[in-house]
Amino acid sequence: MSGHPFDHLPDVRDGLTRAERIILHTLYRLEQERPGRAVPTAQLYGHVVEQLDISPDAFQALLSRLVGRHMPRAKEE
């Protein structure tokens with residue numbers, strides 16, 4: 001991720017970084033547009049990239065942390 005260094009610091013109000021807040025806000029907005037249906041990760045990423053310069057891997061890592069599911073790391077040989 002790029003941007004201002006403060007973008008990566010947790011906010012004192014709730015501990016979310018700017019990137020996490022953008023992901024959650026975008027997810028909420030898309031859920032309102034699709035009542036009763038799940039938001040595909042690819043669609044969420046597409047909307048987040050419009051607001052934030054983030055790689056797919058960094059996005060997936062943040063999203064996994066936000067939803068509380070651990071992504072297994074690739075095995076190194």
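Look above for the structure.
Residues numbered from 1 in each chain as written. Predicted model: local features only at pLDDT ≥ 70, side-chain atom pairs only at ≥ 80, totals over all residues. Heavy atoms only, no water.

1. A few points about the overall build of the protein chain
And then number 1: The number of helices and strands found in the protein chain is 3 helices and 0 strands.
And then number 2: Listed N to C, the secondary structure of the protein chain is α-α-α in terms of helices and strands.
And then number 3: Relative to its 77 residues, the protein chain shows a buried fraction of 25%.
And then number 4: Taking all contacts inside the protein chain whose residues are at least 6 apart in sequence as the whole, residues at least 24 apart take part in 33%. (Helix = DSSP H or I, 4+ residues; strand = E, 2+ residues; numbered from the N terminus. Buried < 20%, exposed > 50% of the residue type's maximum accessible area, 1.4 Å probe, protein only. Contact = heavy atoms within 4.5 Å.)

2. Some remarks on the nonpolar core
And then number 1: With 12 residues, the main nonpolar core is built from Ala19, Ile22, Ile23, Leu30, Val39, Leu44, Val48, Leu52, Ile54, Phe59, Leu62 and Leu63.
And then number 2: Those elements that place two or more of their residues in this core are helix H1 (18–33), helix H2 (41–49) and helix H3 (56–67).
And then number 3: It is H1 that provides the largest number of residues to this core, a total of 4 residues.
And then number 4: Residues within four places of Val39 in sequence aside, it is in contact with Leu27, Leu30, Glu31, Arg34 and Leu44. (Core = buried A, V, L, I, M, F, W, Y, C linked by side-chain atoms within 4.5 Å.)

3. Overview of the pattern of salt bridges
And then number 1: In total, this model carries 5 salt bridges according to the counting rule given.
And then number 2: When the shortest N-O distance is used, the salt bridge between Arg13 and Asp11 registers 2.7 Å.
And then number 3: Asp11 gets classed as partly exposed once you look at its relative accessible area, which sits at 23%.
And then number 4: One salt bridge connects Glu33 with Arg29, and the closest N-O pair in it is separated by 3.8 Å. Pair noted here: Glu33 and Arg29 are both in helix H1, with a separation of 4 residues, about one helical turn.
And then number 5: In the salt-bridge network here, residues are joined through shared partners; they are Asp11, Arg13, Asp14 and Arg21. (Salt bridge = Lys/Arg side-chain N within 4 Å of Asp/Glu carboxyl O.)

4. Some details on the environment of Arg13
And then number 1: With respect to the element layout, Arg13 can be found in the segment before H1.
And then number 2: At 2.7 Å, the side chain of Arg13 forms a polar contact with the side chain of Asp11. (Polar contact = N/O pair within 3.5 Å; in protein donor to acceptor, adjacent residues only side chain to side chain.)

Fair warning: the whole summary comes from geometry, so function is off the table for now.
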